[in-house]
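Observations on chain architecture
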Amino acid sequence: CRLAGEMVAAAGEQQLAGPVARIANMTGARVTVVAASGRVLADSEGDVGHMDSHDTRIEVVEARREGTGWSIRHSATVGTDMMYVASCSGPKAPVVRLALPMTAVHEASAALQRSILWAALVAAILAAVAGGWLTRGMARSLDELLRVARSLGTGDLTARARLESKDETAELALALNTMADNLQTTRQGLERSAAHLRSVLAQMADGVAVVSLDERVQILNRAAGELLG
């Protein structure tokens, strides 16, 4: 409606027929130009010579006061209920009004609702497909982490998680692999210390025996075994 007002303002009051006809063809709406006095200067469907003053039309009054206005009522000129939308750029400027039959408005509203429903349906389908793909990827990642955790629990410290995903499970896999590396390093150190201790005990001439509180022999070197028979 504002664009139509700019076209009308550029044409001037003496050459309104052309712009009004072009606007009507582009929009499919009835176009009316109302002077500041209320007199109809141009109309795409009616004879301005037989049209009364539009000075009191609700949409015209609102457009002059607020810049835009609208109303719905029965049109005696075309004989049907119409929606009117008007725009005015200033107190002395003409008001440009576009009108559409309510049947066309309802059809446009229904078409818009259908478009929104189709868009929502497509979005829901895409979301479901994407969600399923992400869920399957997450499930595979969790299965891989569970496999590694079970292997580590049984003592296989060589098990590592191999994940190509970039989701949250990647950080968990990295933490699990780091923990496995640390455990393996610790066990190797303990095994070296135990081997060193066994070597030292085996070479000692003195007998060494380590007995627990429940009187069970935990360590007994060769010299102690020979002394004790």
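Let us look at the structure shown here. (Residues numbered from 1 in each chain as written. Predicted model: local features only at pLDDT ≥ 70, side-chain atom pairs only at ≥ 80, totals over all residues. Heavy atoms only, no water.)

For the rest of this paragraph, the subject is helix H3 (residues 58-66). One turn of an α-helix holds 3.6 residues; hence residues three or four places apart share an orientation. Taken together, the buried positions of H3 are occupied by Glu-59, Val-60 and Ala-63. For H3, the buried positions fall inside an angular range of 100° around the axis, keeping them on one side. In this structure, H3 carries Ile-58, Arg-65 and Glu-66 as exposed residues pointing more than 90 degrees from its buried face. Buried residues belonging to H3 abut strand S3 (68-75), strand S4 (80-87) and strand S5 (95-101). (Buried < 20%, exposed > 50% of the residue type's maximum accessible area, 1.4 Å probe, protein only. Helix = DSSP H or I, 4+ residues; strand = E, 2+ residues; numbered from the N terminus. Arc of directions from axis to C-beta. Contact = heavy atoms within 4.5 Å.)

So, on to a nonpolar patch on the surface. Taken together, the side chains of Val-211, Val-217, Leu-220, Leu-227 and Leu-228 present a nonpolar region at the surface, about 540 Å² in accessible area. At the level of secondary structure, the elements contributing two or more residues to the nonpolar patch comprise strand S7 (217-220) and helix H6 (222-228). The class of Leu-228 is exposed, set by a relative accessible area of 65%. (Patch = residues over 30% accessible without salt bridge, like charges linked within 9 Å, V, L, I, M, F, W, Y side chains within 5 Å. Areas by Shrake-Rupley, 256 points an atom, 1.4 Å probe, with all protein chains shown as cover. Salt bridge = Lys/Arg side-chain N within 4 Å of Asp/Glu carboxyl O.)

Let us now look at the nonpolar core. For soluble globular proteins, nonpolar side chains are generally found buried alongside one another. Formed by Leu-16, Val-20, Ile-23, Ala-24, Ala-29, Val-31, Val-33, Ala-35, Leu-41, Ala-42, Val-96 and Leu-98, the largest nonpolar core amounts to 12 residues. Looking at this core, the elements with two or more residues in it are helix H2 (17-27), strand S1 (30-34), strand S2 (40-43) and S5. At 3 residues, H2 tops the list of elements feeding residues into this core. Counting residues in each nonpolar core, the second largest holds 9 residues, with Val-148, Ala-161, Ala-173 and Leu-176 among its members. (Core = buried A, V, L, I, M, F, W, Y, C linked by side-chain atoms within 4.5 Å.)

Here we take up the pattern of salt bridges. When charged atoms on two side chains of opposite charge get close, those side chains can pair. The tally for this structure, following the rule as stated, stands at 10 salt bridges. The partner of Arg-65 in a salt bridge is Glu-66, with the nearest N and O atoms 3.6 Å apart. For the residue pair Arg-65 and Glu-66, the accessibility class agrees, reading exposed in each case. The residue Glu-144 makes a salt bridge to Arg-147 at a minimum N-O spacing of 2.7 Å. With a gap of 3 residues between them, Glu-144 and Arg-147 both fall in helix H4 (residues 102-153), about one helical turn apart. Take Glu-144: its relative accessible area is 17%, and that puts it in the buried class. Connected through shared salt-bridge partners, Glu-59, Arg-73 and Arg-97 make up one network.

Along the chain, His-54 falls in the loop between S2 and H3. Among the polar contacts made by the side chain of His-54, one reaches the main-chain carbonyl oxygen of Asp-52 at a distance of 3.0 Å. Among all residues touching His-54, those that are not within four sequence positions of it are Val-34, Gly-38, Val-40, Val-60 and Arg-97. (Polar contact = N/O pair within 3.5 Å; in protein donor to acceptor, adjacent residues only side chain to side chain.)

What follows is about the side chain of Arg-97. Residue placement: Arg-97 occurs in strand S5. Apart from the residues lying within four places of it in its own chain, the contact partners of Arg-97 are Arg-30, Val-31, Thr-32, His-54, Arg-57, Glu-59, Arg-73, Tyr-84, Val-85 and Ala-86.

Time to look at the pairing of S2. Put simply, side chains in a regular strand alternate between the two faces of the sheet. Pairing of S1 with S2 involves 3 bridges; the strand directions are antiparallel. The residue bridging Val-34 from the neighbouring strand is Val-40, located in S2. (Pairing = 2+ DSSP bridges.)

A separate point is unusual backbone geometry. Leaving glycine out, the prevailing phi sign among residues is negative, and the prevailing peptide bond configuration is trans. Located in the positive-phi region is Glu-215, a residue other than glycine, with phi close to 65°. Mapping Glu-215 onto the fold places it in the loop between strand S6 (209-211) and S7. Relative accessible area serves as the criterion here: at 70%, Glu-215 is assigned to the exposed category.

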